[in-house]
Amino acid sequence: PPAAAAAAAIPKDPFPRKRRPHPQEAAAMLARIRSRLQGQSPQQLDLLLQDEIRVITENPYEFEEDDESRFRTALPYELPPRFPNDPLVLPGVLSVQPHRPEELLLARKRYTGALLRSLEDEVSTFGLDPYAERLSDFDYATVMLELEERRQVVMEKLPEQVRTEAVFLRDALLTHLELLKRNQQQLVLSHHQQQQQQQQPKIMAVVGGSEGGLERVEEGRGGG
C-alpha cells in the first residue's frame, strides 16, 4: 500500500535532541554573544543589519551561467501533486530522489513536532528563550553573527570540494525559495486582480441601476 511504502521510506530519527542550558548557563552564553556588539550606536547597528546580516539571511544569490542547471542536476526531481491545485503539495518542492506525495505528508505528520523541538534546542544554545515571541534588533544581530561564525567553523572542517558544493547548494536553495515566494506572491496578486475585475461590472451595473431608479423617481415627482 502507498502508506506502508511511504512509512518505510522515511528515516526513524533525523533530528537528534540537544541538551538545553540551565538559566545561569543561558545568561552567560547570551552575555558572551552580546559582548561582541557592546557600544554600537543605533546607527551602527542599523548599518550592520542592512549591509551584513540581511545579506547572510535574505538576499538571494543570483544564478550565473550554468548555475541553474547545476542546481537542478543536484535536485532533479519535483514532487508531483496528488491532484490539481493540491494545497498540501506546493509546486517547486525539489528532491535528490523521487518521492510520492504520501511520503511528504507522512513526514510532515511524523516530524513537524520533532523538527520544531530541534530548532528550539538550537535557539537555546545561543542563550535565548526558545519560546520568546520577539527578538530585539541587537540580539538578532549578535546571534546572526554568532551563527555565521559557527557555520564557518564547521565549513572549515570539510574537504574543499565538499565545502564549495555546500556553499553553492546553500546559495542556490536560498534563491530557489526566494523565487518560489515571489512567484506565489504574484499568483496571489493576479488572483486578487481577477476577482476585482470580475466584480467591477457588477458594481457598475448596481450603480447604473441605482442612478436610473433615482432619475425615474425624480421624473415621477416632477410629473405629479
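Everything numeric here is computed off the predicted structure, so don't read it as measured data.

Caption draft 1: View of the overall build of the chain. What the chain contains, in helices and strands, is seven helices and two strands. Secondary structure elements of the chain occur, N-terminal to C-terminal, as α-α-α-α-β-β-α-α-α. The buried share among the 224 residues of the chain stands at 21%. When contacts within the chain are restricted to residue pairs at least 6 apart in sequence, long-range pairs at least 24 apart make up 66% of them. Of the accessible surface of the chain, which amounts to about 16,300 Å², a share of 57% is contributed by carbon and sulfur atoms.

Caption draft 2: Summary view of a nonpolar patch on the surface. Nonpolar side chains collect at one region of the surface, where Leu115, Leu116 and Leu119 lie side by side and expose about 260 Å² of accessible area between them. Here Leu119 shows up in helix H5 (residues 101-124).

Caption draft 3: Structural detail: the packing of helix H2 (residues 23-34) against helix H6 (residues 137-156). It is the contact of H2 with H6, at a shortest axis distance of 9 Å, that shows an interaxial angle of 90 degrees. Put simply, H2 runs roughly perpendicular to H6. Contacts between H2 and H6 involve Leu30, Arg32, Ile33 and Arg34 from the former and Phe138, Asp139, Thr142, Val143 and Glu146 from the latter. Broken down by class, the residue content of the contact of H2 with H6 amounts to four nonpolar, one polar and four charged.

Caption draft 4: Region of the structure containing the packing of aromatic side chains. Under the counting rule described, the total for this entry stands at zero aromatic pairs. Across from the ring centre of Phe168, 3.9 Å away, lies the NZ or CZ of Arg70, which sits over that ring. The lysine or arginine in question, Arg150, covers the ring of Phe126, its NZ or CZ lying 3.9 Å from the ring centre.

Caption draft 5: Looking closely at the nonpolar core. Leu37, Leu45, Leu48, Leu49, Ala141 and Leu145 together form the largest nonpolar core, which totals six residues. Taken together, the elements giving at least two residues each to this core come down to helix H3 (42-57) and H6. In terms of residue count, the dominant contributor to this core is H3 (three residues).

Caption draft 6: Structural context of the pattern of salt bridges. By the definition in use, this model includes 15 salt bridges. Salt-bridge contacts for Arg17 lead to Asp121; the nearest nitrogen and oxygen are separated by 2.6 Å. Pair noted here: Arg17 is in the loop between helix H1 (2-9) and H2 and Asp121 is in helix H5, with a separation of 104 residues, a long-range link. The residue Arg32 makes a salt bridge to Glu146 at a minimum N-O spacing of 3.2 Å. Note that Arg32 is positioned in helix H2 and Glu146 in helix H6, a separation of 114 residues in sequence. Judged by relative accessible area, Glu146 falls into the buried class, the value being 5%.

Caption draft 7: Region of the structure containing the confidence of the model for the chain. Looking at the chain as a whole, its pLDDT mean stands at 77, while 72% of the residues score no less than 70. Per-element mean pLDDT across the chain ranges from 50 in H1 up to 91 in H2. Here residues 214-221 scores under 50 on pLDDT; set against residues more than four positions off or in separate chains, the count is zero contacts.

Calculation criteria
- Residues numbered from 1 in each chain as written.
- Predicted model: local features only at pLDDT ≥ 70, side-chain atom pairs only at ≥ 80, totals over all residues.
- Heavy atoms only, no water.
- Helix = DSSP H or I, 4+ residues; strand = E, 2+ residues; numbered from the N terminus.
- Buried < 20%, exposed > 50% of the residue type's maximum accessible area, 1.4 Å probe, protein only.
- Contact = heavy atoms within 4.5 Å.
- Areas by Shrake-Rupley, 256 points an atom, 1.4 Å probe, with all protein chains shown as cover.
- Patch = residues over 30% accessible without salt bridge, like charges linked within 9 Å, V, L, I, M, F, W, Y side chains within 5 Å.
- Salt bridge = Lys/Arg side-chain N within 4 Å of Asp/Glu carboxyl O.
- Axes fitted to C-alpha atoms, helices over the stretch in contact; angles between N-to-C directions.
- Parallel < 35°, antiparallel > 145°, perpendicular 65-115°, else oblique.
- Nonpolar A, V, L, I, M, F, W, Y, C, P; charged D, E, K, R; others polar.
- Phe/Tyr/Trp six-rings, centres within 6.5 Å; stacked < 30°, edge-to-face > 60°.
- Lys NZ or Arg CZ within 6 Å of the ring centre and 35° of its normal.
- Core = buried A, V, L, I, M, F, W, Y, C linked by side-chain atoms within 4.5 Å.
- pLDDT = per-residue confidence, 0-100.

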